[in-house]
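# Fold and contact review
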Amino acid sequence: MAIPSGIASTHTLTDIANAIRYQNGENRRYQPGEMADAVEALDGTQEKGGMQYAYEAPHFGKMTVLPYTSIANAIRGQNGEMREYKPCEMAQAIRDLEWAKPSKAYALLMYLGDGETKQKLWFIRATEEPQPMSFYNGRPIAAVYSGFEEMIYTSNSQVPWYSKHDDIGEVEFIDDVKPQSCAYWFYMFRYCTSFDLAKLDLSEAQSLAYTFYYCSAATSISLMGKETSFVGNMKYCFYYCSKLETLDVRYMDVGSVTDFTECFRGCSALTDLKGLDTWYVSSLCTTTASMFNGCSKLEKLRLGTWNMTGVGNATYMFQRMSVATEIDMSGLTWGSATTNINSMFNGDGKLVTIYAKAGTALTGATSSTSVFYNCYNLKGGAGSALNNTTSVNSSYIGGSYARIDGYGGLPGYFTTK
């Protein structure tokens, strides 16, 4: 079947080409067969105002309907309409194409309201940059920060709002914000009592290091269900959040994290730590030093399926868990890489049971002094006990007892679950 053809006006084709150039800002010429692809490539991000060519002779010529059909299809693909287009209507239809402006993330420091003693830091998205002294949600804006979604900060001083850290009492994500990193974002927000993080998207974040460092006024933080598969660093994440009572980290993906150094250290009010049993820590992890050091109100700690074969440093990992009677690390697999377990369970005498996987032994660690210091109520599964009279004897509190009680016929302080 022959493809229909007819007389085409070069004026009409020039109009269409000019409309395309107007939208994409280019100066190039287009053959009829190239125009549909050029229309499909428009996405609103180009600077408008390309070269507008004048008409050239000849004004008429023979052409099949295929280029026009393709251009019409491309127009409909862009504007979502179902209507037919005559060739003479296509140029205007291309010029009429519009796209929503891409939004950008902004952090707004809001002025104090009546009766308030601290400012608020709100994270929003907008197509136009808000201005200081203008209003957002009925409140005056003190300062505007931008560009942070793409940045990976390596110190607290680089964070644009850090200089206001003592003035901020509330953080809220009003709109979805997707940062490349949250490292140092809320460093030393020591008077901030509220973090509303529901719309913080961590799916592309590479680091949570120092994120809530010394946020010593907040009583509750939730990262429950956050997609964090790219996060590689969580050192000092919740360091000395000393009034934090409830922390929800359920179903976070921490499989890429290599460093948990002092992640929860100094969370001395924490009584409800949700979700560590849902975590999968992979062999990429190299250090858990002082991870729970100073969590002095946690009565029990249960960890999930953690592959610790890459961990070299576990020193002080559970130190000063003053009221903990039970630590369940039965889901942890340890390996020969773990060389430092100094003061790993150094406590205040309440610890009774440490659950571990069958066959667990950390006796090969080369640094293993005071591993069980002050653990004078601790007892292994076969009855081996560290009592008050022997707790001062270094031979009874060192790494040689960091194994399942009775494993290989030798005493230890771990219990198989």
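Quick summary incoming for the structure in this document. (Residues numbered from 1 in each chain as written. Predicted model: local features only at pLDDT ≥ 70, side-chain atom pairs only at ≥ 80, totals over all residues. Heavy atoms only, no water.)

### Digging into the overall build of the protein
Rules: Only DSSP runs of H or I reaching four residues or more are called helices, and only runs of E reaching two or more are called strands; each is numbered from the N terminus. Atoms counted for the radius of gyration: C-alpha only. Globule rule: 2.2 Å times the number of residues to the power 0.38. For the exposure calls, accessible area comes from a 1.4 Å probe over protein chains only, and a residue counts as buried if that area is under 20% of its type's maximum, exposed if over 50%, partly exposed in between. The contact rule is simple, with two residues in contact once any of their heavy atoms fall within 4.5 Å. Per-residue and other accessible areas follow the Shrake-Rupley method at a 1.4 Å probe size, with only the shown protein chains counted as cover for residues. Positive charges are assigned to Lys and Arg, negative charges to Asp and Glu, while His and the chain termini are left out of the count. Each charge is placed at NZ for Lys, CZ for Arg, CG for Asp and CD for Glu.
Along its length, the protein carries five helices and 18 strands. Against the compact-globule benchmark of 22 Å for 417 residues, the protein has a radius of gyration of 32 Å, which places it well outside the compact range. On the principal axes, the C-alpha backbone points of the protein span a range of 105 × 65 × 30 Å. Within the protein, buried positions represent 50% of all 417 residues. Of the contacts formed within the protein by residues at least 6 apart in sequence, a portion of 75% connects residues at least 24 apart. Taken as a whole, the protein presents about 19000 Å² of accessible surface, with 48% of it coming from carbon and sulfur. Here the protein contributes 34 positive and 41 negative side-chain charges, whose respective centroids are spaced 5 Å apart.

### Remarks on the nonpolar core
This is how it is decided: Among the buried residues, those of types Ala, Val, Leu, Ile, Met, Phe, Trp, Tyr and Cys that are joined through side-chain atoms within 4.5 Å form a nonpolar core.
Among the nonpolar cores identified, the biggest contains 98 residues, and Met234, Phe238, Phe264, Trp279, Phe292, Phe345 and Phe372 are the most heavily contacted of them. Other than its neighbours up to four places away in sequence, Phe292 contacts Phe264, Leu273, Leu276, Leu301, Leu303, Trp306, Met317, Phe318, Gln319 and Met321. Ala17, Met63, Ile75 and Leu97 belong to the second-largest nonpolar core, a separate cluster that totals 24 residues.

### Some words on the packing of helix 1 (residues 10-24) against helix 4 (residues 87-95)
We count it as follows: Interaxial angles span 0 to 180 degrees and are taken between N-to-C directions of axes, which are lines fitted to C-alpha atoms, for helices over the stretch in contact. Roughly parallel means an angle under 35 degrees; roughly antiparallel means over 145; roughly perpendicular covers 65 to 115; every other angle is labelled oblique. Residues are grouped as follows: nonpolar covers Ala, Val, Leu, Ile, Met, Phe, Trp, Tyr, Cys and Pro; charged covers Asp, Glu, Lys and Arg; every other residue, Gly included, is treated as polar.
Across the interface, helix 1 lies against helix 4 with an axial gap of 8 Å and an inter-helix angle of 10°. As the angle between them shows, helix 1 and helix 4 are arranged roughly parallel. Between helix 1 and helix 4, the contacting residues are Thr12, Asp15, Ile16, Asn18, Ala19, Ile20, Tyr22 and Gln23 on the first element and Pro87, Cys88, Met90, Ala91, Ile94 and Arg95 on the second. When the residues that make up the contact of helix 1 with helix 4 are grouped by side-chain class, the tally is nine nonpolar, three polar and two charged.

### Here's the deal with the sheet that holds strand 5 (residues 135-136)
Heads up, the condition is: Between any two strands, at least two bridges found by DSSP are needed for them to pair.
Taken in spatial order, the six strands line up as 5-6-3-4-7-8 in an open sheet, and their pairing is mixed. The strands lining the two open edges of the sheet, one partner per strand, are strand 5 and strand 8 (194-196).

### A closer look at the sheet that holds strand 9 (residues 220-222)
Pairing within the open sheet is parallel, and its three strands lie in the order 9-10-11. Lying at the two open borders of the sheet, with one neighbouring strand each, are strand 9 and strand 11 (272-274). Between one strand axis and the next, the sheet turns by 0° as a mean value, whatever way the strands run. Where strand 10 (residues 246-248) and strand 11 come together, three bridges link them in parallel fashion. Considered in strand 11, the bridge of Leu247 is made with Leu273.

### Let's talk about unusual backbone geometry
Phi angles above zero are rare outside glycine, and Tyr184 is one such case at about 70°. You can see Tyr184 is positioned in the loop between strand 7 (168-173) and strand 8. Residue Ser370 is not a glycine yet carries a positive backbone phi of 55°. Here Ser370 is to be found in the loop between strand 17 (353-356) and helix 5 (394-397).

### A short note on the packing of aromatic side chains
We count it as follows: Working definition: rings of Phe, Tyr and Trp (its six-membered ring) pair if their centres are within 6.5 Å, and the pair is stacked with planes under 30 degrees apart, edge-to-face with planes over 60 apart, and tilted otherwise. Only when the NZ atom of a Lys or the CZ atom of an Arg is both within 6 Å of the ring centre and within 35 degrees of the ring normal do we say a charge sits over the ring.
Per the counting criterion, the structure on display carries 42 aromatic pairs. Note on Trp185 and Phe186: the rings are 6.1 Å apart at their centroids and 90° apart in plane angle, and the pair reads as edge-to-face. With relative accessibility at 0%, the residue Phe186 sits in the buried group. Directly above the ring of Tyr355 sits Lys417, whose terminal nitrogen or CZ lies 5.1 Å from the centroid.

### Some remarks on helix 4
Residues lying three or four places apart along an α-helix face the same way, a consequence of the helix completing one turn every 3.6 residues. Operational definition: The arc in question is the one traced by the directions running from the helix axis out to the C-beta atoms.
Buried residues of helix 4: Met90, Ala91, Ala93 and Ile94, and no others. Burial along helix 4 is one-sided: seen end-on, the buried residues are contained in an arc of 165°. Buried positions along helix 4 lie against helix 1, helix 2 (35-40) and helix 3 (66-79).

### Details of the packing of helix 3 against helix 4
Quick reminder of the rule: Crossing handedness: left-handed means the near helix sits turned counterclockwise from the far one by under a right angle, and right-handed means the same turn made clockwise.
It is at 11 Å that the axes of helix 3 and helix 4 come closest, and there the two elements cross at 30°. Judged by the sense of rotation from one axis to the other, the crossing of helix 3 with helix 4 is left-handed. Contact with helix 3, carried on its side by Tyr68, Ile71, Ala72 and Ile75, involves Pro87, Met90, Ala93 and Ile94 of helix 4 and no other residues of that element. Class assignment of the residues belonging to the contact of helix 3 with helix 4 gives a composition of eight nonpolar, no polar and no charged.

### Description of helix 3
Counted only if it meets this: One less than the residue count of a helix, multiplied by 1.5 Å, gives the span that helix is expected to have.
Over its 14 residues, helix 3 extends 20 Å from the first C-alpha to the last, a length consistent with the 20 Å expected when each residue adds 1.5 Å. By the burial criterion, the buried members of helix 3 are Pro67, Tyr68, Ile71, Ala72, Ala74, Ile75 and Arg76. Once helix 3 finishes, Gly80 follows within two positions and takes phi at roughly 75°, a positive value.

### Some thoughts on the pairing of strand 6 (residues 139-146)
The pairing of strand 3 (residues 104-110) with strand 6 spans five bridges and is antiparallel. Among the inter-strand pairings, Ala107 is bridged to a residue of strand 6, identified as Tyr145. When strand 5 meets strand 6, the two strands line up antiparallel, connected through two bridges. By the bridge assignment, Tyr136 is partnered in strand 6 with Arg139.

### Thoughts on the side chain of Asp259
To keep things clear, this is the line we draw: Just to be clear on terms, a salt bridge is a Lys or Arg side-chain nitrogen sitting within 4 Å of an Asp or Glu carboxyl oxygen.
Within the fold, Asp259 resides in the loop between strand 10 and strand 11. For the buried Asp259, which has no salt bridge, the nearest side chain bearing the opposite charge is Lys235, at an N-O separation of 4.6 Å. Sequence-distant contacts of Asp259, defined by excluding residues within four places in its chain, comprise Gly232, Asn233, Met234, Lys235 and Thr287.

### A few points about the pairing of strand 4 (residues 119-126)
Where burial is concerned, most of strand 4 is hidden: seven out of the eight residues are buried. Relative to strand 7, strand 4 runs parallel, the two sharing five bridges. The partner of Leu121 across the bridge, within strand 7, is Val171.

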